[in-house]
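Structural features, examined
The lines below spell out each chain.
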Amino acid sequence: MDAAVVNPFLNSSMKAFENMFGVTPQPGTPYILDRNGNHRWEVSGILGITGDSTGVVAFRLHKVLANKMLANSGVAIPEKTEDREQLAIQLVSEFTNIISGNAVSGIKLYDLDISPPVVVSGPDHVISWPKGFPIVAIPFTTQYGPYEVDVCFK
């Protein structure tokens, strides 16, 4: 996969964390994700990419980081646990949309559009990636825990 496609997602993720939550993520080394392997993530914000190229982008993290994002967002946090968890999921959805929207607008090689994000949660949840194309995983660390942006284009 072309760095001109992957790098905008890496940069968009880092800028969004810094601007929205005052958190400076440290990128790790990108790697090719094993589509059949187990993963450690509890929450995945997923969206589709269409246009000159098609694909899937996933913003993946643990609930602890999602809750810290919510706490740092300035949004009033509900007292009820289920309401707080739902608000954290909505925040992950919007954050996925922001990351991808900014990244897609920075990709000049293709004319691309993004679908509305969907959030999937729970241990060992499954993402249906496009077959026959690599999934590039871009890991990050923050003081509140790790996250990953996974990108697959065909």
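Up top you'll find the structure we're talking about.
What you see is a predicted model, and the numbers here were worked out from it, not measured in a lab.

Below, the discussion takes up the overall build of the protein chain. Secondary structure assignment for the protein chain yields 3 helices and 8 strands. Ordered by position from the N terminus, the helices and strands of the protein chain form the series α-β-β-β-β-α-α-β-β-β-β. Here the protein chain has a C-alpha radius of gyration of 15 Å; the compact-globule value for 154 residues is 15 Å, and the two agree. Taken over the C-alpha atoms alone, the protein chain extends approximately 45 × 30 × 30 Å along its principal axes. A total of 154 residues make up the protein chain; the buried ones form 44% of that total. When contacts within the protein chain are restricted to residue pairs at least 6 apart in sequence, those whose partners lie at least 24 apart make up 71%. Carbon and sulfur atoms make up 51% of the accessible area of the protein chain, which totals about 7,700 Å².

The interhelical angle for the contact between helix H2 (residues 63-72) and helix H3 (residues 81-106), taken along N-to-C directions, is 85°, at an axis separation of 9 Å. Considering the angle they form, H2 stands roughly perpendicular to H3. On H3, the residues touching Ala66, Asn67, Met69 and Leu70 of H2 are Arg84, Leu87, Ala88, Leu91, Val92 and Phe95. When the residues that make up the contact of H2 with H3 are grouped by side-chain class, the tally is 8 nonpolar, 1 polar and 1 charged.

By the element assignment, Leu70 lies in helix H2. For Leu70, a relative accessible area of 2% corresponds to the buried category. Remark: the alpha-carbon pair of Leu70 and Ile89, spanning 19 residues in sequence, is separated by 9.3 Å. Leaving out residues up to four positions away in the same chain, Leu70 has contacts with Val75, Ile77, Arg84, Leu87, Ala88 and Leu91.

Thresholds applied
- Residues numbered from 1 in each chain as written.
- Predicted model: local features only at pLDDT ≥ 70, side-chain atom pairs only at ≥ 80, totals over all residues.
- Heavy atoms only, no water.
- Helix = DSSP H or I, 4+ residues; strand = E, 2+ residues; numbered from the N terminus.
- Rg over C-alpha atoms; globule rule 2.2 N^0.38 Å.
- Buried < 20%, exposed > 50% of the residue type's maximum accessible area, 1.4 Å probe, protein only.
- Contact = heavy atoms within 4.5 Å.
- Areas by Shrake-Rupley, 256 points an atom, 1.4 Å probe, with all protein chains shown as cover.
- Axes fitted to C-alpha atoms, helices over the stretch in contact; angles between N-to-C directions.
- Parallel < 35°, antiparallel > 145°, perpendicular 65-115°, else oblique.
- Nonpolar A, V, L, I, M, F, W, Y, C, P; charged D, E, K, R; others polar.

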